[in-house]
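Structural description and commentary
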Amino acid sequence: MPDNFVSVGGGNHAISDGVVIGGEGHRISGKKIKSKDYEKSISILYGFFYVGYSVYSTENLIIYPSIGIGAGRFSLKILEKGSLSFDEVLKGPRRSTRLSNGGLLINPSFGFDYLLSLKKTEKSSTGIVIGVRVGYIFSPVKGNWSMEGMEVLQGPKIGISGPYIRFIIGSGGINYGKD
């Protein structure tokens, strides 16, 4: 299976008096590994609730460490290649298997967000947010493997873990709190 993946996701956070509170969710799909008889693929879903604090900010830039807590699910799909008749599938339906496990995730990170102002008034500024988040996801509690609700014994104790660099683009705004 591949060592590196690309994730796509979404999230949102709010900042008040330097405190950053938010949430995010991601989906990762690995490239399919094909052999003569089988096709294998990995997919990962995970999400976090996080809290941080601004250590540096200007009118348009914020730098903040944060800690996230969440959960994730790791799935491995194995598909037998070939063509079958409908009756052959009914006689031997186990031509495809999806194994999965999940667990608790912890995510310490460091974020840099810059607001490229497109509309500015005396009270607020809105525009495009460009950012980078650097962190590490680790899985202190790993779940058991299952296959369509049935427990699978003696599977490897693996979790969603590793370092990441995330590039962020979205919309955002700042309220200056002026009356």
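Here, the structure is the one placed above.
What you see is a predicted model; the values in this text were computed from it and never measured.

**Focus on the environment of Ser-125**
Counting through the fold element by element, Ser-125 comes out in strand β8 (residues 124-142). Classification of Ser-125 as buried rests on a relative accessible area of 0%. Separated by 55 residues in the primary sequence, Ser-125 and Gly-70 place their C-alpha atoms 32 Å from one another. Non-local contacts of Ser-125, meaning those with residues more than four positions away in its chain, are made with Leu-115, Ser-117, Lys-119, Lys-120, Gly-172, Gly-173, Ile-174 and Tyr-176.

**Points about unusual backbone geometry**
Even without being a glycine, Asp-17 presents a positive backbone phi close to 50 degrees. The exposed category is assigned to Asp-17, whose relative accessible area is 74%.

**Quick word on a nonpolar patch on the surface**
On the surface, a nonpolar cluster with roughly 680 Å² of combined accessible area is contributed by Val-19, Ile-21, Phe-49, Val-51, Tyr-53, Ile-69, Leu-104 and Val-141. Elements with a minimum of two residues in the nonpolar patch: β2 (19-29) and β4 (38-53). A per-element tally of the nonpolar patch places β4 first, with 3 residues. Looking at where Val-141 falls in the secondary structure, it is placed in strand β8.

**Some remarks on the environment of Ala-14**
Relative to the helices and strands, Ala-14 resides in strand β1 (residues 7-16). C-alpha separation for the pair Ala-14 and Gly-172, spaced 158 residues apart in sequence, amounts to 9.6 Å. Those residues within four positions of Ala-14 in sequence are excluded, and the remaining contacts are Val-19, Val-20 and Ile-21.

**A short note on the pattern of salt bridges**
For side chains bearing opposite charge, pairing can occur when the charged atoms are close. For the structure shown, the criterion picks out 3 salt bridges. The salt bridge partner of Arg-133 is Glu-24, with a shortest N-O separation of 2.7 Å. Here the residue Arg-133 occupies a position in strand β8, and Glu-24 occupies one in strand β2, the gap between them amounting to 109 residues. With respect to burial, Arg-133 and Glu-24 carry one shared label: buried. Here Glu-59 makes a salt bridge to Lys-120, at a shortest N to O gap of 2.1 Å. Separated by 61 residues along the polypeptide, Glu-59 in the loop between β5 (56-57) and β6 (61-80) and Lys-120 in strand β7 (residues 96-120) bring together distant segments of the chain. Here the salt bridges do not stand alone but share partners, grouping Glu-24, Arg-133 and Arg-166 into one network.

The rules we used
- Residue numbers run consecutively from 1 along every chain, following the written order of its sequence.
- Given that the model is predicted, a residue must reach a pLDDT of at least 70 before its local features are reported, and side-chain atom pairs must reach 80 or more before they are shown or counted; all residues, however, enter totals for whole chains, interfaces and linings.
- As a rule here, side-chain values come from all non-hydrogen atoms in the structure, and water together with hydrogens is ignored.
- Secondary structure elements follow DSSP: runs of H or I of four or more residues count as helices, runs of E of two or more count as strands, with numbering from the N terminus.
- For every residue, the accessible area (1.4 Å probe, protein chains only) is compared with the maximum for its type, and the residue is labelled buried under 20%, exposed over 50%, or partly exposed between those bounds.
- We call two residues in contact when some of their heavy atoms are within 4.5 Å.
- Like-charged residues are merged into a patch within 9 Å and nonpolar side chains (Val, Leu, Ile, Met, Phe, Trp, Tyr) within 5 Å, provided each residue has over 30% relative accessible area and no salt bridge.
- Using the Shrake-Rupley algorithm and a 1.4 Å probe, accessible areas are obtained, with residue cover drawn only from the displayed protein chains.
- When a carboxyl oxygen of Asp or Glu lies within 4 Å of a side-chain nitrogen of Lys or Arg, that pair is called a salt bridge.

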